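A structural walkthrough
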Amino acid sequence: MGLKPPLSYVDQIERLKKNGVEIPDHETAMSILSEANYYRLSGYALQFRIDPQKSRYQSGTSFDKIHSLYLFDTELRNLLKPYLEKIEILCRTRIAYGFSLNKCQLPPHDGHYENRNFFNKASHKKIIKSLEREENYNKDSLIVKHHREKYENKMPLWVCVEIMSFSNLSKLYHAMYISDKETIATSLSTRHDILSNHLHCLSNLRNKCAHGARLYNSVYNPPPKLGIATLKKYPDLKSDSFLAYLIVIIRRLTQNEDKKALVDSFLNLIDKYHIYLDLDFLGCPVDYEMILLGEVN
């Protein structure tokens, strides 16, 4: 079976109208489609389909409504990025510090390269291979050149963590022995199993934000560990939802002012777009404001 043929912007508009989307302003719609492609925008129209397996939309579905959801999602990603960056930098720092003091004290101080220092040895081997590829990709970097020439192509862990992806940082932590995980998790006021899970969650969310992936009306994996007490207190909180991931961000931030600013900004964003949103697609139950404010106070 061949692929679908490409459509001009005019044809894309006609296809949407044929499937039931209201588009009163063709010029504006063409301008939007020339900047955010048809396939990307159509992801925000999924909730309006009469049948999930077909292309027809419910009566009253407008291009403006679809585009507004797209704009909301763009603002939501931009809202999260600085907070995710703070958490990522903090985790890079604490993981390098904790593991280095545990396993890199003795010469030649390269315990992070030693497979015997990791519980999941297969995963560690893959991470080192990936790190080598990252080094080659950044071969013109003065830092990489310096360590290749002076230290036989090895770098201290606190340098390695600045080169590896957040995903590989998460995998590196997950591959460690529990004793090393506990050292790092304690410095972040949590348990090692929770931190391992949260790193996985946040690396996935960070990649979604970095690559412009849809946050609204999306399933989140893995489900974050929020604790039995939280799930009992808020039985309507879905663990595979955006709201659950937002709670993880709040819990991993160390400054109360950052937590409050994030929650306030999120609530303001919801208020700005509330006429277009179905909060179920963010995993927000009726008491979601109380849940979020409870995480801050």
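Keep in mind the model is a prediction, meaning the values are calculated, not measured.

Some points on the overall build of the protein chain
Helix and strand content of the protein chain: 14 helices and 0 strands. Mapped in sequence order, the helices and strands of the protein chain form the string α-α-α-α-α-α-α-α-α-α-α-α-α-α. Counting only C-alpha atoms, the protein chain reaches 70 × 50 × 35 Å along its principal axes. When each of the 297 residues of the protein chain is scored for burial, the buried share is 45%. For the protein chain, contacts bridging at least 24 residues in sequence account for 63% of all contacts bridging at least 6. Charge-centre separation for the protein chain: the mean point of 41 positive side chains lies 6 Å from the mean point of 35 negative side chains.

Concerning the packing of helix 4 (residues 63-103) against helix 13 (residues 256-273)
It is the contact of helix 4 with helix 13, at a shortest axis distance of 11 Å, that shows an interaxial angle of 175°. The angle between helix 4 and helix 13 falls in the class roughly antiparallel. Contacts between helix 4 and helix 13 involve S68, L71, F72, E75, L76, L79, L80, Y83 and K86 on the former and, on the latter, D258, A261, L262, S265, F266, L269, I270, K272 and Y273. In terms of residue class, the contact of helix 4 with helix 13 is made up of 12 nonpolar, 2 polar and 4 charged.

Here we look at the packing of aromatic side chains
Remark: the centre distance and the inter-plane angle together describe each pair of aromatic rings, the angle taken between the planes. A full pass over the atoms with the stated rule returns 9 aromatic pairs. Summarising the aromatic geometry, the rings of F99 and F118 are spaced 5.1 Å apart at their centres and angled 20° between planes, so their arrangement reads as stacked. With F99 in helix 4 and F118 in the loop between helix 4 and helix 5 (121-137), this pair connects stretches of sequence that are 19 residues apart. We note that F99, like F118, is buried. Taking the centre distance of 5.8 Å and the plane angle of 65° together, the rings of Y216 and F281 count as edge-to-face. Note that Y216 is positioned in the loop between helix 10 (192-210) and helix 11 (228-233) and F281 in the loop between helix 13 and helix 14 (288-296), a separation of 65 residues in sequence. In this structure an aromatic cluster arises from ring pairing among F72, Y216, Y273 and F281. When the ring centre of Y113 is taken as reference, the NZ or CZ atom of K154 above it lies at 5.4 Å. Here K208 stacks its cationic end above the ring of Y220, 5.3 Å away from the centre of that ring.

Conventions and cut-offs
Residues numbered from 1 in each chain as written. Predicted model: local features only at pLDDT ≥ 70, side-chain atom pairs only at ≥ 80, totals over all residues. Heavy atoms only, no water. Helix = DSSP H or I, 4+ residues; strand = E, 2+ residues; numbered from the N terminus. Buried < 20%, exposed > 50% of the residue type's maximum accessible area, 1.4 Å probe, protein only. Contact = heavy atoms within 4.5 Å. Lys, Arg positive; Asp, Glu negative; His and termini not counted. Charge placed at Lys NZ, Arg CZ, Asp CG, Glu CD. Axes fitted to C-alpha atoms, helices over the stretch in contact; angles between N-to-C directions. Parallel < 35°, antiparallel > 145°, perpendicular 65-115°, else oblique. Nonpolar A, V, L, I, M, F, W, Y, C, P; charged D, E, K, R; others polar. Phe/Tyr/Trp six-rings, centres within 6.5 Å; stacked < 30°, edge-to-face > 60°. Lys NZ or Arg CZ within 6 Å of the ring centre and 35° of its normal.

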